[in-house]
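Commentary on secondary and tertiary structure
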Amino acid sequence: MFYRVILFLSIALIINSQSFTRVEVGAPVEDGGDSRAVNWIDYDNDGDLDLFITNGPSGGQNNFFYINNGDLTFTKVTDIAIVNDNSPSDGSTWGDINNDGYLDLYVVNWYGVVNRFYINNGDGTFNEITGQAINASNSYSETATWGDFDNNGLLDLYVANSGGNRRNMLFQNDDNIQFTRITTGSHVTDGNYTRDVDWVDVNGDGLLDLYTVNESNQNNALYINNGDGTFTKVTDLNIVNDGKTSWSSNWIDYDNDGYFDLFLTNRDGNTNSLYRNNRDGTFTQITEGDIVNDGGYSAGSDWGDVNNDGFIDLYVGNAFANGAEIDNFFYLNNGDGTFTKVENNITEVGGWTYGVSFGDFNRDGYLDLAMAKCFGANENNALFLNNGGDNNWVVINLEGVKSNRSGIGSVVRVRANINGNHIWQARRVEGQNGYCGQNLEAHFGLGDAASIDSVIVEWPSGQVQILTDIEINTVTLIIEEVTTNVGRAENLDQQFELYQNYPNPFNPATNIKFTTPNVWGQHLQLIVYDVLGREIRTLINSQLESGSYEVEFNANDLSSGIYFYQLTMGQFSETKKMILTK
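Residues numbered from 1 in each chain as written. Predicted model: local features only at pLDDT ≥ 70, side-chain atom pairs only at ≥ 80, totals over all residues. Heavy atoms only, no water.

1. So, the overall build of the protein chain
From N to C terminus, the protein chain includes two helices and 48 strands. Its C-alpha atoms put the protein chain at 75 × 50 × 50 Å along the principal axes. The 582 residues of the protein chain split such that 61% are buried. A fraction of 55% describes how many contacts in the protein chain between residues 6 or more apart in sequence connect residues 24 or more apart. Carbon together with sulfur atoms contributes 43% to the accessible area of the protein chain, which is approximately 20,800 Å² in total. When the 30 basic and 77 acidic side-chain charges of the protein chain are each reduced to a single mean position, those positions are 5 Å apart. (Helix = DSSP H or I, 4+ residues; strand = E, 2+ residues; numbered from the N terminus. Buried < 20%, exposed > 50% of the residue type's maximum accessible area, 1.4 Å probe, protein only. Contact = heavy atoms within 4.5 Å. Areas by Shrake-Rupley, 256 points an atom, 1.4 Å probe, with all protein chains shown as cover. Lys, Arg positive; Asp, Glu negative; His and termini not counted. Charge placed at Lys NZ, Arg CZ, Asp CG, Glu CD.)

Structure below.
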């Protein structure tokens, strides 16, 4: 059955030239109980964001699903499988696991109840998959996230557990909706109280690593992907030696230097944490400012550029404050490495807030905010509409071809001139955006930028795609450009191809190999750039005959970090990423 609901909006409050309006009426804010996860996803491919919210009381409760009608109204759906399991659910993650163009769903449960796995049929209905290892019966799962750890174009699944035998679970996608559980390695045998997990390429080698967030004063954990199906646990970094009863993690580039920093929410009286990426494999803990001196009862968190000024801001939900209601935290990014704490209608919400998620549900280019509420296991959820402004923006969706169809694991970088400065911003496409939150869209605020200089997509397949024709103030779909056999001409025995450098990572030298087709008189350039798009070195700038070539790039005078090398000849161009580690 479907219920059409109209959203009535309350008077907005102004905050630093940015205002939000609380949605007062309608099923998304009149439903509630003991809610947990918040997912903004386009399940029906109609171009707008639909809303999925889980519920987790011990006795079980059906989850909520609302279809976006595109006119500030939602339709509540009550007759499909994903809202009729009556389970004690926590986290949920969406991804196209069979690459058919429709997002599928995995929902985790606690209290030893079997986890749920649903395949999107593409007609508005879902088919529940049962009796497989991925259902993980007798689990005490907190959340899960999709990620392609072996880069074969199929999404694998990692599940976090905080009860039972406390063993996290990794399921490798074997295709045809079949999964194999991985049972060896510290990433699946450590007995932690894990709340949250991220698939994130920490060392920039093109392989997704695992970062798990643990409570009960346990240290968080980082497992580096070795590229052969195994992982190595890291024990000597400050980000795995904090022991602050953490719940939520966000890997974000808050200072626009091209590298992903780490934010953690903490509990049991501990303040929240922020670590700046030093671009050399280490992190510096930030110790000043409200953003790292607030905390104690923090739960879910999400980052988004709410005022579209080119710097991402932070929202933190708080819950379970010794039986008392508690407000939330909101911090505006000042663009200089500091944040301003703001108290307003989106923070003064009382009750308990579990998962939170930003998403532009009315398609005005400004991020709105949804939150799962759970005070007394009987609290209605909350939704806030961002009233917008004059700043420009772009929203980018991805469609993988060689990579997984959802583009999960990709990094999107956008360069624009904002307030007279050339600024690069970076976003990750994730199976989980902080504890119990998800949005697969990459949203960028562009300030007063009149145009976008360039967009770079780093796909899980290793393909690096550069675009210069993306318009501002648009929702844009980028489809992965596969370069296999690109540039092949008739009757020619060679083709244009750029290979991955070797070794990679490297220190201080690496070799770059490429082949050129038999096209006489074509001018060829091989140029190295840093992660901010600055030209570092021109390795070749001349005409070459057809054949195979190998060039050494010596980076003895450069610092550790991510670099790109681009080969251009006529209409053909290809870019790849390499890692310098000193």
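Read on, since the account is not over.
2. Some points on the side chain of Asn501
As for its position among the elements, Asn501 is in the loop between strand E42 (497–498) and strand E43 (509–516). The exposure class of Asn501 is buried, given its relative accessible area of 3%. A polar atom in the side chain of Asn501 sits 3.2 Å from the backbone oxygen of Pro503. Contacts of Asn501, omitting those with residues within four sequence positions, involve Phe506, Thr510, Asn511, Ile512, Tyr565, Lys577 and Met578. (Polar contact = N/O pair within 3.5 Å; in protein donor to acceptor, adjacent residues only side chain to side chain.)

3. Describing the sheet that holds E43
Strands sit in the order E42-E43-E46 across an open sheet of three strands; the sheet is antiparallel. Looking at strand neighbours, the two that pair on one side only are E42 and strand E46 (547–554), the edges of this open sheet. Note that E43 and E46 share eight bridges and pair antiparallel. Bridge assignment links Phe514 to a residue of E46, and that residue is Tyr549. (Pairing = 2+ DSSP bridges.)

4. Regarding a nonpolar patch on the surface
On the surface, Val401, Leu477, Ile479 and Val482 cluster together into a nonpolar patch covering about 330 Å² of accessible area. If you trace the backbone, Leu477 turns up in strand E41 (residues 475–479). (Patch = residues over 30% accessible without salt bridge, like charges linked within 9 Å, V, L, I, M, F, W, Y side chains within 5 Å. Salt bridge = Lys/Arg side-chain N within 4 Å of Asp/Glu carboxyl O.)

5. Some thoughts on the pairing of strand E47 (residues 561–569)
Of all the nine residues making up E47, eight are buried; the element is thus mostly covered by neighbouring parts of the structure. Bridge count for E47 against strand E48 (residues 572–580) is nine bridges, and the pairing is antiparallel. By the bridge assignment for E48, Tyr563 is matched with Met578. Linking two consecutive strands that pair antiparallel, namely E47 and E48, is a turn of two residues; a positive phi of about 60° is found at Gly570 within it.

6. What about the pattern of salt bridges?
By the definition in use, this model includes 20 salt bridges. In this structure, Asp90 engages Arg36 in a salt bridge whose closest nitrogen and oxygen atoms are separated by 3.1 Å. A residue pair is termed long-range when its members are at least 10 positions apart, and Asp90 in strand E10 (residues 89–95) and Arg36 in strand E6 (residues 35–41) qualify at 54 residues. Side by side, Asp90 and Arg36 carry an identical accessibility label, which is buried.

7. Focus: the packing of aromatic side chains
Inspection of every chain in the model, using the stated rule, returns 37 aromatic pairs. A ring pair is formed by Phe52 and Phe65, whose centres lie 6.3 Å apart and whose planes are at 65°; its orientation type is edge-to-face. Of this pair, Phe52 sits in strand E7 (residues 50–55) while Phe65 sits in strand E8 (residues 64–68), and the two are 13 residues apart along the sequence. Exposure remark for Phe52: the relative accessible area of 0% places this residue in the buried category. Phe65 gets classed as buried once you look at its relative accessible area, which sits at 0%. Clustering of aromatic rings is evident, with ring pairs tying together Trp247, Phe320, Trp352, Tyr354, Phe375 and Tyr435. (Phe/Tyr/Trp six-rings, centres within 6.5 Å; stacked < 30°, edge-to-face > 60°.)

8. Topic: the state of the cysteines
The term disulfide refers to a covalent linkage connecting the sulfur atoms of a pair of cysteines. Scanning all chains against the criterion turns up zero disulfides. In this structure Cys374 is not part of a disulfide, and its nearest cysteine sulfur, from Cys436, lies 10 Å away. Among the residues examined, Cys374 registers a relative accessible area of 2% and is labelled buried. (Disulfide = S-S within 2.5 Å.)

9. Describing the UniProt feature "domain: ASPIC/UnbV" (unreviewed entry) in the protein chain
Per the UniProt annotation, the sites labelled "domain: ASPIC/UnbV" (unreviewed entry) are residues 407–475. For residues 407–475, helix accounts for 0% and strand for 54%, while the C-alpha atoms at its two ends are 16 Å apart. (UniProt positions renumbered as here; feature names shortened; annotations may be inferred.)

10. Examining the domain arrangement of the protein chain
One can read the domain layout of the protein chain as domain 1 (20–386), domain 2 (392–479) and domain 3 (497–580). Between the C-alpha centres of domain 1 and domain 2 there is a distance of 20 Å. Facing the 63 residues of domain 1 at the interface are 36 residues of domain 2. Buried surface at the junction of domain 1 and domain 2, both sides included, amounts to about 3,500 Å², of which 50% is carbon and sulfur. Among the residues domain 1 hides against domain 2, the three largest losses belong to Phe260, Asn308 and Arg363. Together they make up 14% of the total. For the pair domain 1 and domain 2, the number of links is one salt bridge. Note that Glu441 and Arg363 form a salt bridge whose closest N and O atoms lie 2.4 Å from each other. For the side of domain 1 that touches domain 2, the elements supplying multiple residues, two or more each, are E6, E10, strand E14 (141–147), strand E18 (194–200), strand E22 (246–252), strand E26 (295–304) and strand E30 (353–359). (Domains from an automatic or database assignment. Buried area = accessible area lost by both parts, 1.4 Å probe.)

11. A few points about the side chain of Asp294
Tracing the chain through its elements places Asp294 in the loop between strand E25 (283–285) and E26. At a separation of 2.6 Å, a polar atom in the side chain of Asp294 contacts the side chain of Tyr331. When neighbours within four sequence positions are excluded, Asp294 is seen to be in contact with Thr271, Asn272, Phe329, Tyr331 and Lys341.

12. Observations concerning the pairing of strand E28 (residues 329–333)
Counting buried residues in E28 gives five out of five residues, a clear majority hidden from the surface. Neither face of E28 is left uncovered, since the one carrying Phe329, Tyr331 and Asn333 and the one carrying Phe330 and Leu332 both have all their residues buried. Relative to strand E29 (residues 339–341), E28 is paired through three bridges, and the arrangement is antiparallel. Counterpart to Tyr331 in the pairing with E29 is Lys341. Counting the residues between successive antiparallel strands, the hairpin from E28 to E29 contains five residues, one of them, Gly335, with a positive phi of roughly 85°.

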